[in-house]
Amino acid sequence: MDKRRILLFAEHSAWGAASNFNEMFSQSDKYESIEIVAHDGGKNGYSFGNEKDIRKELYTRDERIKSLIEKEDAIFLIFDVNGLQLFLKCMNELGESINNRPINIFWSGNPYILNHTICNEWVSKNGVTPFAMLDLLSYNNSSIPLMQPYNTKILKKYRVGYQRKEGDSFTICHSPGHKGRGNEKGTDIIRGVINHLDSNPSLEINYNQLGTDVWLAHEECLKIKAKCDVFIDKIGPLSAGGLGKSGIEGVCMGIPTLSSMHKSTLIGRYENLSHIACDSADKLISEVTNLITNVEYYKEKQKQMKDLAALFSYEGTLSYIEERMSK
């Protein structure tokens, strides 16, 4: 069976987890999937996707790229505003029309929030199929809910063999990276909660905040995260209010994961993500205390995470997106 070509346009592989989509399409054996990126991401790319056996092309204005996009039945999947800018630049510079081409776009970040009006107009004018993360659905009611896919089988392997022993400290992990300095993920609130819990002599807490002072590659972050007992993604009214890539990784590892979801629209296949919702410091204190002191509640949360992981699997996400994307 001939494979259908699908071209993924992203600023770099970490944007919207573009390389995960690339791997998902490639592993299905139905697609010739290729990422076209503006740059490698540098430190901000977290080495994301470098370990994957997938095809990437750094955009240059040459015949090599033109040969990829000129195939009339090629499918396009664009990652947010920066990916859209790259896509339009590519098509314009290489003399290719976007008319009557199967184009899809995935809104996944702050640039879309800042430019959603003009972006939505472009989507409507050009007959593009829009997908959006749950915290961005409110900016266009025609967007299709979509969360990034993950190789859940690989992520589960990081967790194999980990079991907190009786008497060990309860490890809480938060991974804001450089965003921790700006409190974009509610890191200040989380630190305050940790201090409150730490003041309770009956609770043995170990807090591990990743990436604020020492830069860690994506692989190293996963190894450290796999050895925590609860993962906190985002907290508080000023946070992005949805589950991000780091939180998804926690869920897929089967780690009880908590995140503010106040800006997210939990509908359809994603409605059960309400299990991770934790929108305030008081709720976080209550949840973490319960997870530490109530063994049965902790086991219940673990099971919920394992069930939710199916939402992010390559197989489930591919089937979902194939039924809805322009192709």
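Everything in this summary refers to the structure shown in the same document. (Residues numbered from 1 in each chain as written. Predicted model: local features only at pLDDT ≥ 70, side-chain atom pairs only at ≥ 80, totals over all residues. Heavy atoms only, no water.)

A few points about the sheet that holds strand 7 (residues 144-145)
Condition: Note on pairing: two strands pair once DSSP finds at least 2 bridges between them. Runs of H or I in DSSP of at least four residues are treated as helices and runs of E of at least two as strands, each being numbered from the N terminus. Contacts are assigned to residue pairs with any non-hydrogen atoms lying within 4.5 Å of each other. Fitted lines through C-alpha atoms serve as axes, helices being fitted only where they are in contact, and the angles separating the N-to-C directions of these axes extend from 0 to 180 degrees.
One open sheet holds the seven strands; their spatial order is 3-2-1-4-5-6-7, and the pairing between them is parallel. With one partner strand each, in any of the chains shown, strand 3 (55-58) and strand 7 form the two edges of the open sheet. Two strands pair when backbone bridges link them, and strand 2 (residues 31-37) and strand 3 are joined in this way by four bridges, in the parallel orientation. Bridging across to strand 3, I34 finds its partner in R55. Where helix 3 (residues 80-93) meets the sheet, its contacts fall on strand 1 (4-10), strand 2, strand 4 (75-79) and strand 5 (103-107), and the angle it forms with strand 4 comes to roughly 135°.

Some words on the side chain of K185
As a reminder of what qualifies: Residue exposure (1.4 Å probe, protein chains only): buried if accessible area is under 20% of the type maximum, exposed if over 50%, otherwise partly exposed. The definition of a polar contact used here is a pair of N or O atoms within 3.5 Å, where within protein one atom must be able to donate a hydrogen and the other to accept one, and adjacent residues in sequence count solely through side-chain atom pairs.
With respect to the helices and strands, K185 occurs in the loop between strand 8 (170-174) and helix 6 (187-198). Here K185 falls in the buried class, since its relative accessible area comes to 12%. In terms of polar contacts, K185 uses its side chain to reach the backbone carbonyl oxygen of S175, at 3.4 Å.

A look at the nonpolar core
Cut-off, in case you're wondering: Take the buried residues of types Ala, Val, Leu, Ile, Met, Phe, Trp, Tyr and Cys, join any two whose side-chain atoms come within 4.5 Å, and each joined set is a nonpolar core.
Counting 81 residues, the largest nonpolar core has F9, F21, F25, F87, W107 and W122 as its most contacted members. The contacts of F87, once residues within four sequence positions are left out, are F9, F76, I78, I98, I103 and W122. Counting residues in hydrophobic clusters, the runner-up holds 20 residues, among them L203, C278, I292 and Y297.

Digging into the pattern of salt bridges
Test applied: Salt-bridge detection follows one rule: a side-chain nitrogen of Lys or Arg within 4 Å of a carboxyl oxygen of Asp or Glu.
Evaluation of the coordinates by the stated rule reveals 19 salt bridges. Here E32 makes a salt bridge to R55, at a shortest N to O gap of 3.9 Å. Here R55 lies in strand 3 and E32 lies in strand 2, a separation of 23 residues in the sequence. The exposure class assigned to R55 is partly exposed, which follows from its relative accessible area of 35%. One continuous salt-bridge network, built from bridges that share partners, spans R5, E32, R55, E57, D62 and R64.

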